[in-house]
Amino acid sequence: MSKFQLTGGACSVLMNGTPPDNFAPTMQVLSLKQLQASGAASDRYRIIISDGGNYMQAMLAVQLNDLVHSGSLAKHSVITLDKFACNDVQDKRIAILLAVTVLGNSEKIGDPVSLDKGGDKPVSAVPSPATNQRPAPAPAASAPARTPAAKPAPPPRAGAEQAPSLVPIAGLSPYQNKWTIRARVTQKSDIRTWSNARGEGKLFSVNLMDETGEIKATGFNAVVDSHYDQFEEGKVYYLTNARINLAKKQFSNLNSEYEISMEARTVVQECTDTSAVPEITYNFIPIDQLQSIAKDAHCDIIGVVHEVGPAVEFISKASNKSTVKREISIVDRSAASVRLTLWGKTAESFQGEDQPVIAFKGVKVGDYGGRSLSMFSTSTMYPNPDLPEAHELRGWYDNGGSNSSFQAQSSGGIATTGATGVFNRAELKTLAFVKESNLGTGDRPDFFSTRASIIFVKPENIMYPACASADCSKKVTQLDENNWRCEKCDKSCETPEWRYLLSFSVADHTSQAWLQAFNEVGVIIMGISAPELQELKTQDQAAHDRHIASAIGRTWYFACRAKEETFNDLTRVRYGVNKVFPVDYKADAWANLDIIKKY
Ligand SMILES: [Zn+2]
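Read on for a plain summary of the structure.

The rules behind these values
- Residues numbered from 1 in each chain as written.
- Predicted model: local features only at pLDDT ≥ 70, side-chain atom pairs only at ≥ 80, totals over all residues.
- Heavy atoms only, no water.
- Phe/Tyr/Trp six-rings, centres within 6.5 Å; stacked < 30°, edge-to-face > 60°.
- Helix = DSSP H or I, 4+ residues; strand = E, 2+ residues; numbered from the N terminus.
- Buried < 20%, exposed > 50% of the residue type's maximum accessible area, 1.4 Å probe, protein only.
- Donors = N, O, S within 2.8 Å, 3.2 Å for Na, K, Ca; no water.
- Tetrahedral: all angles 85-135°; square planar, octahedral: opposite > 155°, others 65-115°.
- Lys, Arg positive; Asp, Glu negative; His and termini not counted.
- Salt bridge = Lys/Arg side-chain N within 4 Å of Asp/Glu carboxyl O.
- Polar contact = N/O pair within 3.5 Å; in protein donor to acceptor, adjacent residues only side chain to side chain.
- Contact = heavy atoms within 4.5 Å.
- Pairing = 2+ DSSP bridges.
- Axes fitted to C-alpha atoms, helices over the stretch in contact; angles between N-to-C directions.
- Parallel < 35°, antiparallel > 145°, perpendicular 65-115°, else oblique.
- Nonpolar A, V, L, I, M, F, W, Y, C, P; charged D, E, K, R; others polar.

Some thoughts on the packing of aromatic side chains
For step 1, the next point in the chain: Inspection of every chain in the model, using the stated rule, returns 11 aromatic pairs.
For step 2, the next point in the chain: Taking 5.0 Å as the distance between ring centres and 85° as the angle between the ring planes, the aromatic pair formed by Phe204 and Tyr228 counts as edge-to-face. Taken together, the positions of Phe204 in strand β9 (residues 199-210) and Tyr228 in the loop between α3 (222-227) and β11 (236-240) put the pair 24 residues apart, joining distant regions of the chain. For the pair Phe204 and Tyr228, one class covers both residues: buried.
For step 3, the next point in the chain: Ring geometry for Trp484 versus Trp498: centroids 6.2 Å apart, planes at 80°, classification edge-to-face.

Some words on the coordination of the zinc ion
For step 1, the next point in the chain: Within the protein, the atoms that donate to the zinc ion are Cys467 (SG), Cys472 (SG), Cys486 (SG) and Cys489 (SG), at distances of 2.2 to 2.3 Å.
For step 2, the next point in the chain: The site at the zinc ion holds 4 donor atoms, and with the angles between them running 105 to 114°, its shape is tetrahedral.
For step 3, the next point in the chain: Counting gaps between the donor residues of the zinc ion yields the pattern C-x4-C-x13-C-x2-C. Placement of the pair is Cys467 in the loop between β23 (463-466) and β24 (477-480) and Cys486 in strand β25 (residues 483-486), with a sequence separation of 19 residues. Here the two residues Cys467 and Cys486 agree in accessibility, since each one is buried.

Let's talk about the side chain of Asp332
For step 1, the next point in the chain: Summarising the element assignment, Asp332 is placed in the loop between β16 (322-331) and β17 (336-343).
For step 2, the next point in the chain: Within the buried core, Asp332 has no salt-bridge partner, and the shortest N-O distance to an opposite charge, that of Arg333, equals 8.2 Å.
For step 3, the next point in the chain: In this structure the side chain of Asp332 is engaged in a polar contact, spanning 2.8 Å, whose partner is the backbone nitrogen of Ile287.
For step 4, the next point in the chain: Setting aside chain neighbours within four positions, we find Asp332 in contact with Ile285, Pro286, Ile287, Ile302, Leu393, Trp396 and Phe406.

Side note on unusual backbone geometry
For step 1, the next point in the chain: Even without a glycine there, the phi angle at Asn221 is positive, about 45°.
For step 2, the next point in the chain: Note on placement: Asn221 falls in the loop between β10 (213-220) and α3.
For step 3, the next point in the chain: Overall, the relative accessible area of 35% leaves Asn221 in the partly exposed class.
For step 4, the next point in the chain: Positive phi values are uncommon outside glycine, yet Asp490 reaches one of about 55°.
For step 5, the next point in the chain: Secondary-structure assignment places Asp490 in the loop between β25 and β26 (491-493).

Points about the environment of Lys364
For step 1, the next point in the chain: With respect to the secondary-structure elements, Lys364 resides in strand β18 (residues 357-366).
For step 2, the next point in the chain: Considered as a pair, Lys364 and Phe376 are 12 residues apart in the sequence and their alpha carbons are 7.2 Å apart.

Examining the sheet that holds β24
For step 1, the next point in the chain: Taken together, 3 strands build an open sheet; the order of strands is β24-β25-β26 and the sheet is antiparallel. Every other strand in the sheet has two partners, leaving β24 and β26 as the edge strands with one partner each. On average, each strand axis in the sheet is inclined to that of its neighbour by 35°, with strand direction left out of account.
For step 2, the next point in the chain: Across 3 bridges, β25 lies against β26 in antiparallel orientation. Bridging from a neighbouring strand, Cys486 pairs with Lys491 of β26.

Side note on the packing of helix α8 (residues 530-539) against helix α9 (residues 541-550)
For step 1, the next point in the chain: Where α8 contacts α9, the axes come no closer than 6 Å and their chain directions differ by 140°. By the criterion of interaxial angle, the relationship of α8 to α9 is oblique. Of α9, the residues touching α8 (which contributes Leu533, Leu536, Lys537 and Gln539) are Gln541, Ala543, His544, His547 and Ile548.
For step 2, the next point in the chain: Residues belonging to the contact of α8 with α9 are distributed by class as follows: 4 nonpolar, 4 polar and 1 charged.

Rendered as structure tokens:
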């Protein structure tokens, strides 16, 4: 005698329509078989479950596959069906198991017979031990053992909310024609267009989720016009009259074997009773633990948008098409920050100035500069979601968290300008701001970037004769015509190495400032090397002057270092240029668009 008691009559209840809410029968797995679905990448398991008197077919929702892989769910396991849905598939009534508890293993209990064809065996004639856990509703012996197969789902009528006969997403297959699903949109794509030899077109897709699983639905051309605006992320819809195809996994990150192709006849209706449809679930990883996630894996992240980079347009190498990307930096309570890249319309329209909390689902982990994150077509983001984690983060960030020093998980990108002289638009300051906030007057140098135009180049001492030894750029003194001496190296050379020491005035719409630049920056600003300019001076003074004049009026991004210096008892802030970058007018336009949007 087994130590387990199965819920007698459970099969009959599952076969006969709507089980009561708390019905969680204890049943035994008689067999477990992996389905050979052509073209499917994820396993599906068909199992036979028994109540001791009868047995019937069931499917395991893919999220339970791990139970099989780990060996905890196997032939003769006794399980409690915590959550399930019943569905008619190809004239068979099948229980789709969504959540189970494995109680243990046992030898085969009873001598159950099939209930598959239903009705032909009165359930009451097969007594089995009654459960002592939950009273199972007594099966009505006279009732037909099952509902008619695949009751057609009436398409939902606009305006009138009704309950069409629903099929769980996990139960969808190409063999069914009539079905309606009730699902939440977890992600909605941009409208994508294509054009090739055979013509052009457009498409969009939505990811749909119910308690049994997820599936992608795609619509082309006219369907884009009729349905794109109808879908809104997070909302719940009835969807009926569409085709089920094998999933094209290369375009999806969902596990489902199938996907939905919306057609002209497809009906979509919003469902206001959303209680039965689960919210999106997250498995958040603290940012400081991203190092433990493998490259290219997907993960869920929640954080506060700490910094927002500009939208930048570029030509994708893969598609040779123009696209827009934007990098943001997000932080969480682990005192870590990570760079995350947004693409396309999401990047263009992103508004992060008020430091929202954002929950990201299914973002891709990259290893560029440590760990970075990237949205891709199937990732989703929810600004300010109504989640406990989000409220906690908000409170933390607004009450001092924003002043934490964050351990960067990714370098580069929108990292700080700093001594490395990387141009950072987020640190772009006006000259008036630089002066008014007294940058450079503290104990340590301050770094900033500015966009300014050169209005004057001091023509005197534009360069100096430097020691020609490697790694030495000390000024040398001329002893005689072919004899220049370096004190540091204690050496003489015949000809010095001319190097720039530029002092020039720049202006933006707010103020004017003097900047200093050494050789590397000087070469870029002057357009020729210092020896070339020196040569010009000896050959043709007028040409030399014209060349210097040509540097005036040009606009650059300058990455600068501000530090107070004292010379002859006079203390003033000196602005040294670490790096100079040509203006990216496109990126400027995008950044300006962001600024204008705030008004
Ligand atoms: Zn030297």
